[in-house]
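# Inside the fold
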Amino acid sequence: MELPAFVVAVWIFVCFYASVGGYPNGKVREACTSMVPCHGSSPQLSPEHTITVNGTEFKPGDNIEVHLSGPDFEGFFIQARDAEHLGSPAVGSFVLADRRHSQLLTCGRTKNSAVSHTSKAKKRDIKVNWIAPRDAPKHVQFLATVVKKYRIFWVKIPGPIVSQADVWSPTPPLHATSEALSTSYPVSYISKPFSASGCGSMKFCIRNPSNCDPGSASCFFLSFQQQGSSVFIEMSGPSEGYLAFALSHDQWMGGDDAYLCVNEDHRVHVSTALLKERSHPLLDSENALEDVSWRIADGVLQCSFRRSIRLSAYRGRFNLDTSYYIFLADGEASEGGLIYKHRRQPLVTDGLYNITGPPQDIGGSRSPQLIKAHGALMFVAWVTTVSIGVIVARFFKPVWSHSFLFGKELWFQVHRMLMLTTVMLTSISFVLPFVYRGGWSRQAGFHPYLGCAVMALTIFQPLMAGFRPSRHAPRRQLFNWFHWSTGTTARILA
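Notes on the structure follow. (Residues numbered from 1 in each chain as written. Predicted model: local features only at pLDDT ≥ 70, side-chain atom pairs only at ≥ 80, totals over all residues. Heavy atoms only, no water.)

The next point concerns the overall build of the protein. Along the protein, the regular secondary structure elements total five helices and 25 strands. Counting only residues that meet the buried cut, the protein has 44% of its 494 residues in that class. Restricting the contact set of the protein to residue pairs at least 6 apart, pairs at least 24 apart contribute 62%. (Helix = DSSP H or I, 4+ residues; strand = E, 2+ residues; numbered from the N terminus. Buried < 20%, exposed > 50% of the residue type's maximum accessible area, 1.4 Å probe, protein only. Contact = heavy atoms within 4.5 Å.)

In protein structure, a disulfide is the covalent linkage between the sulfur atoms of two cysteines. In total, this model carries four disulfides according to the counting rule given. With a sulfur-sulfur separation of 2.1 Å, Cys 199 is cross-linked through a disulfide to Cys 205. The disulfide joining Cys 199 to Cys 205 has a torsion of about -80° about its S-S bond and is therefore left-handed. Residue classification places Cys 199 among the buried positions, given a relative accessible area of 14%. At a sulfur-sulfur separation of 2.0 Å, the disulfide partner of Cys 212 is Cys 219. Sign of the S-S torsion, about 55° for the bond between Cys 212 and Cys 219, identifies this disulfide as right-handed. Taken in sequence order, the bonded cysteines of the protein link in the pattern 1-2, 3-4, 5-6, 7-8. (Disulfide = S-S within 2.5 Å.)

Here we come to unusual backbone geometry. A cis amide bond links Asn 208 with the next residue in sequence, Pro 209, at an omega value of 0°. Residue placement: Pro 209 occurs in the loop between β12 (204-208) and β13 (220-227). Even without being glycine, Met 35 reaches a positive phi, approximately 60°. For Met 35, the position within the fold is in the loop between α1 (2-20) and β1 (50-53). A residue is classified by how much of its surface remains accessible, and Met 35, at 1% relative accessible area, is buried.

Quick look at a nonpolar patch on the surface now. Together, Trp 440, Phe 446, Tyr 449 and Leu 450 make up a nonpolar patch on the protein surface, roughly 390 Å² of accessible area in all. Looking at where Tyr 449 falls in the secondary structure, it is placed in helix α4 (residues 447-465). (Patch = residues over 30% accessible without salt bridge, like charges linked within 9 Å, V, L, I, M, F, W, Y side chains within 5 Å. Areas by Shrake-Rupley, 256 points an atom, 1.4 Å probe, with all protein chains shown as cover. Salt bridge = Lys/Arg side-chain N within 4 Å of Asp/Glu carboxyl O.)

Turning our attention to the sheet that holds strand β6 (residues 102-107). Whenever strands of a sheet pair, they do so through backbone hydrogen bonds, lying parallel or antiparallel. A sheet is described by the order of its strands in space; here six strands give the open sequence β2-β10-β9-β4-β7-β6, paired in mixed fashion. The two strands at the open ends of the sheet, each matched to only one other strand, are β2 (57-58) and β6. The pairing of strand β9 (residues 139-149) with strand β10 (residues 152-164) spans eight bridges and is antiparallel. Residue His 139 lies in a different strand from β10, and its bridge partner there is Ser 163. (Pairing = 2+ DSSP bridges.)

Of all hydrophobic cores here, the largest spans 31 residues; its most connected members are Leu 222, Phe 224, Phe 245 and Phe 305. The next biggest cluster of nonpolar side chains, apart from the first, holds 25 residues, and it includes Val 66, Phe 76, Ala 132 and Phe 142. (Core = buried A, V, L, I, M, F, W, Y, C linked by side-chain atoms within 4.5 Å.)

Looking now at the packing of aromatic side chains. A full pass over the atoms with the stated rule returns 18 aromatic pairs. A centroid spacing of 6.0 Å and a plane angle of 45° characterise the contact between Phe 434 and Trp 440, whose relative ring orientation is tilted. Put simply, the rings of Phe 204, Phe 224, Phe 245, Tyr 259, Phe 305 and Tyr 353 touch in pairs and so form one group of aromatic residues. When the ring centre of Phe 395 is taken as reference, the NZ or CZ atom of Arg 394 above it lies at 5.2 Å. (Phe/Tyr/Trp six-rings, centres within 6.5 Å; stacked < 30°, edge-to-face > 60°. Lys NZ or Arg CZ within 6 Å of the ring centre and 35° of its normal.)

In C-alpha cells, the structure reads:
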C-alpha cells in the first residue's frame, strides 16, 4: 500500500512542478524570432542589465567574448543579429564558457546560434563566446532577453555593435530601453462589485451557487454582454490567486481558449492563453483584450475586459458567436504571478452555450452526474457492502452457526449476498467513466489503472469462490489464504 501511494505522490509532484514553471530549463526555441517569453505580460522598458564585448572588430572565424551582467535574474536568451536588419535571423554561433548556467540552442538553420539558461537558479553574469561566420554581415549587434522573475522581463536589450575589419562602424543610436510590445493595454480600477442585474435579459450569466450575488464572498460570477461587434466580459469570485474561464468544444481540458485574471503582487494581470491538455496554460505574448479593469476587495477578485467577437488575426482565439462548453476555475498564484494547478474541479456548464445568443442565467457543476454516480457507487460498494460482508464472515460465523437460509448457514448467505452486491455495484461503476469519457482517459494518471486492477480482482474473487474446496479438504487452508489476500488487496486498491 505504501509503495503505490509514494509513487503516485512523486509522479504528481514531478508533473505538476514541471508544468508550472514556464521554461525553467531554458528550452525557449519558440522565442527564436521574437525573443519574447511566453509569460503573458508586457516587457519592462528600462533595462537593468548590460551587454559588453572584448572587441569591436572581427574577421570570419574570430572569437568574441560576450558578457551579460546585472542584478539577479533567472532566465536569459542571447543572440547576434545583423545590426542593419535586427528582424533577420540570428547569425554566427556560440561556444559556452559555463555549462552549469548556460546552454546552446539552434534557431533556424544555424546551429548553436543562441544561448539560454539551464535552470531558474539566480545568476548575475553570463559569459559566452561568439564565433563569426564566413558569411557574416558587415555589422553585428548582440541582443539579450532577461527574465528577472516570471512577469518581470526585458526583451531585446541592445548590446554593442561589432563590425568587420576595414568597415566603418554604423552610427544609428542605441536605445536604452528594451523592446515593448505594441499590444499593451491601459488598465483601470473597478469601483464596486459587479451586479447580477440584467442576467438572463440583457447579458449571459453563469453563477455558482445558482442565483448568488456577485458581491458576496462566496459567489463565482461570469457574465457576457454583446455590445456591437464585441463582447464585454465580467468575472469575479473568492480568490487570492487567480480566476480563469475557458471556452471548449467538449467537457475536458485541451485545445481551449482561456482567459486569466491573476493577482500579481496585489495587482491583477489579465491575459489570454491556450490550454493544451492538462498542462500549464501557454500565455500569449500578444493580447487581444481592451478596456481592462480589475479590483481586489474582501478576498474577492474581480476583472472585466472587452474582446471582439471574431479575432482571425490572433491564433488560438475562438469566435464568440459559436456554442461552447464554458469552464470557470480558481486557484493559487505566487507573488510573481506564476499560477498553480487548481485544487478542485473547475465549474463546467452542462451543455453547449452561445454567449452571443439569447441571454441566459445558468449554473454549472464541478462534477458531472456520471462521475458523481461513479463515486457514489464505489463508496457504497467498498465502504458499506464489503465492510459489512467482512464483519459478518469474521464475527457472525459462531453466532449464526445454527441458523440457516435456503439450506446454507445464515452468515454465509448474508456474506455472499453482500459480496455479489459489491460485484454488481463495482461493475456498473466501472463502466460509467468510460461512458463519460467515450473511451480511455490518458490524462487521469494512475486512477484508471487502479480501477482496472480492482475490477479484475472483483471478478476473480467470486470465480475463485466457486471452486472452494470442502471444509476439511487439504487445500482448504490454501484457498482461505488466497480468498483473504485477494479480497484485502482489492479493498486497499479500491
